[in-house]
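Residue-level structural notes
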Amino acid sequence: MADPIHQFVIEPIIPLSIGGYDLSFTNSALWMTIAAGLSLTFLTSAMKRKALVPGRAQIFAEMIYQFVAGMIRENIGPKGREYFPLVFTVFVIVLMGNMLGMIPYSFTFTSHIIVTGILALLIFLLVVGIGIYRHGLHFFSLFIPPGVPAPMLLVLVPIELLSFLVRPITLSVRLFANMMAGHIVLKVFAGFSTAMLGMGGIGMVLGFIPAAFNVALISLELLIAFLQAYVFALLTCIYLKDTIEIHH
Amino acid sequence: MNFLRLPALTLVGFILIGISAPQAADMHVIGADPAADADHVIVVDEQGQVHAEEHGDGHESSGGLPQFNPSSYPSQIFWLVVVFSVMYFFFSRRTLPEISGVIENRHQHIQSDLDSAEKLRQEAETVHKAYDEALDKARTKASDLFAEVEREIKEKSAAQFQAFLERSSKEVKSAEAKIEKAKSEAFEEMSTVAAEVAAKAAEKIIGVSTDLQKAKSIIDALHKNNKKAA
């Protein structure tokens with residue numbers, strides 16, 4: 001049976017070392033490049049005609065735009081427009097990573113904790129940086145829930161602080177774990193199928209059962225691939241909201 | 001604009017953070033001296049990478065997740081930063097303004113269409129109102145004219161009728177006078193004729209010539225008597 005972990009192994013394609021660091025162009029980098037290339041090519045070619053009455057591709061491109069724009073409008077507000085390119089890029093890169101990962105023999109770069117972690121940390125540090133830049137020390141009133149008696153703050157402030165600090169971890173682990181678990185399950189079921197078919201006899205018939213399960217699981221995984229990209233972008237919006245307004 | 005540059009700067013910061021940890025680990029494995037000169041470090045590092053990869057492969061076959069093998073972190077972080085920056089740059093500079101421009105343009109187009117439709121509708125309404133007014137005016141004018149004409153006709157016919165009455169009564173009167181005159185003339189002639197006849201008769205019968213004038217006066221007197229008797 002094939003090793004279900006093997007699909008996550010990073011393999012260098014073009015070895016590259018700069019300043020003593022191994023920056024090889026790997027399968028992960030390849031699929032990141034494909035994700036960027038595909039999304040850029042598609043969006044550019046879809047918007048080439050700039051038609052007043054859009055064609056199919058243009059409708060799709062505008063749909064993604066409106067989807068992210070609506071998410072920002074609802075969760076950050078009209079002031080959130082300045083974060084639009086950031087949220088859009090985060091959404092597209094995660095969505096492309098998840099979706100391209102569904103292609104057999106491809107590599108899912110969002111199934112690596114370091115990738116999701118860097119994205120989450122970027123958002124977290126942006127929130128802290130812009131928040132302090134804009135609101136100064138007032139930003140830290142984020143950890144003081146409004147209308148709470150002073151003694152309770154002794155308990156609540158640490159909780160608020162912890163829930164704030166844990167944000168990049170939950171954000172990155174949620175995406176990474178979902179992607180990894182889904183792909184392992186798919187691989188394990190596929191492994192069952194090949195193992196049973198290899199046994200011969202009754203296995204030749206029973207081997208199709210895990211394969212059928214896999215068909216259902218793939219559609220579920222496609223849903224999760226979209227849903228996790230949506231959740232990632234949505235939480236990005238919710239976190240970025242703290243830089244715009246602080247509740248009192 | 002200041003904030004737009006922040007993601008890129010932050011990511012560059014990550015390169016430094018992310019790379020320093022595994023680098024330190026590698027150096028520890030092969031025991032390289034961080035104080036060594038630059039050339040030496042690179043050579044040692046190349047060896048270090050080979051080492052690390054072998055170490056990693058061994059680790060994977062023994063069941064560890066590749067996700068937790070830090071030897072691949074610098075490469076992943078580096079390429080993520082590159083790809084993310086390129087995407088961010090293109091999206092923020094080209095793609096997104098393009099899409100928002102198209103959507104905005106369409107929105108304006110639809111709005112202006114709606115506006116002009118509304119204007120045309122109002123125009124049509126004004127025209128319709130003006131038409132109604134003109135129609136009303138024309139109708140009252142027509143009925144006025146009709147009444148006027150009727151009145152005129154009535155007046156004219158009444159006047160003509162009056163004139164006809166006057167004329168006819170005048171004619172009747174003059175005719176009556178004429179008749180009267182003719183009558184009296186006829187009588188006059190008749191009495192003259194009677195006088196002549198009487199004179200002739202007297203001449204024939206008794207053989208006396210009579211004065212015609214005398215005879216006539218006698219006739220007249222007779223006639224007057226007759227009239228009185230009648």
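Before reading further, recall that the structure is shown in the block above.
This write-up is about the structure you can find in this document. The shown structure was predicted, so the numbers you read here are calculated from the model rather than taken from an experiment.

What follows is about the overall build of chain B. When its secondary structure is counted, chain B shows 4 helices and 0 strands. Tracing chain B from N to C terminus, the helices and strands come up as α-α-α-α. Burial statistics for chain B: of 230 residues in total, 22% are counted as buried. For chain B, the share of sequence-separated contacts (at least 6 apart) that also reach a separation of at least 24 residues comes to 47%.

Enumeration over the complete set of coordinates arrives at 20 aromatic pairs over all chains. Ring geometry for A:F143 against A:F164: centres 5.2 Å apart, planes inclined by 70°, an arrangement best described as edge-to-face. Of this pair, A:F143 sits in the loop between α4 (113-135) and α5 (150-165) while A:F164 is found in helix α5, placing the two residues 21 residues apart along the sequence. When its relative accessible area of 6% is taken as the criterion, A:F164 is described as buried. Here the aromatic rings of B:F89 and B:F90 are separated by 5.9 Å at their centres, their planes lie at 85°, and the arrangement is edge-to-face. What makes B:F89 partly exposed here is its relative accessible area of 43%. Among the aromatic residues, ring-to-ring pairing joins A:F124, A:F139, A:F140, A:F143 and A:F164 into one connected group.

Turning our eyes to something else, we now look at a negative patch on the surface. Judged by side-chain charge, B:E185, B:E188, B:E189 and B:D220 come together as a negatively charged surface patch. As for its placement among the helices and strands, B:D220 is situated in helix α4 (residues 212-229).

Another aspect to go through is the interface of chain B and chain A. The interface is formed by 49 residues belonging to chain B together with 58 residues belonging to chain A. Regarding the contact of chain B and chain A, the summed buried area is about 5100 Å², with carbon and sulfur atoms giving 77% of it. There are 2 salt bridges connecting chain B and chain A. A salt bridge links A:K50 to B:E98; the nearest nitrogen and oxygen atoms lie 3.9 Å apart.

Rules and cut-offs
- Residues numbered from 1 in each chain as written.
- Chains lettered and ligands numbered in written order.
- Predicted model: local features only at pLDDT ≥ 70, side-chain atom pairs only at ≥ 80, totals over all residues.
- Heavy atoms only, no water.
- Helix = DSSP H or I, 4+ residues; strand = E, 2+ residues; numbered from the N terminus.
- Buried < 20%, exposed > 50% of the residue type's maximum accessible area, 1.4 Å probe, protein only.
- Contact = heavy atoms within 4.5 Å.
- Phe/Tyr/Trp six-rings, centres within 6.5 Å; stacked < 30°, edge-to-face > 60°.
- Patch = residues over 30% accessible without salt bridge, like charges linked within 9 Å, V, L, I, M, F, W, Y side chains within 5 Å.
- Areas by Shrake-Rupley, 256 points an atom, 1.4 Å probe, with all protein chains shown as cover.
- Salt bridge = Lys/Arg side-chain N within 4 Å of Asp/Glu carboxyl O.
- Lys, Arg positive; Asp, Glu negative; His and termini not counted.
- Charge placed at Lys NZ, Arg CZ, Asp CG, Glu CD.
- Buried area = accessible area lost by both parts, 1.4 Å probe.

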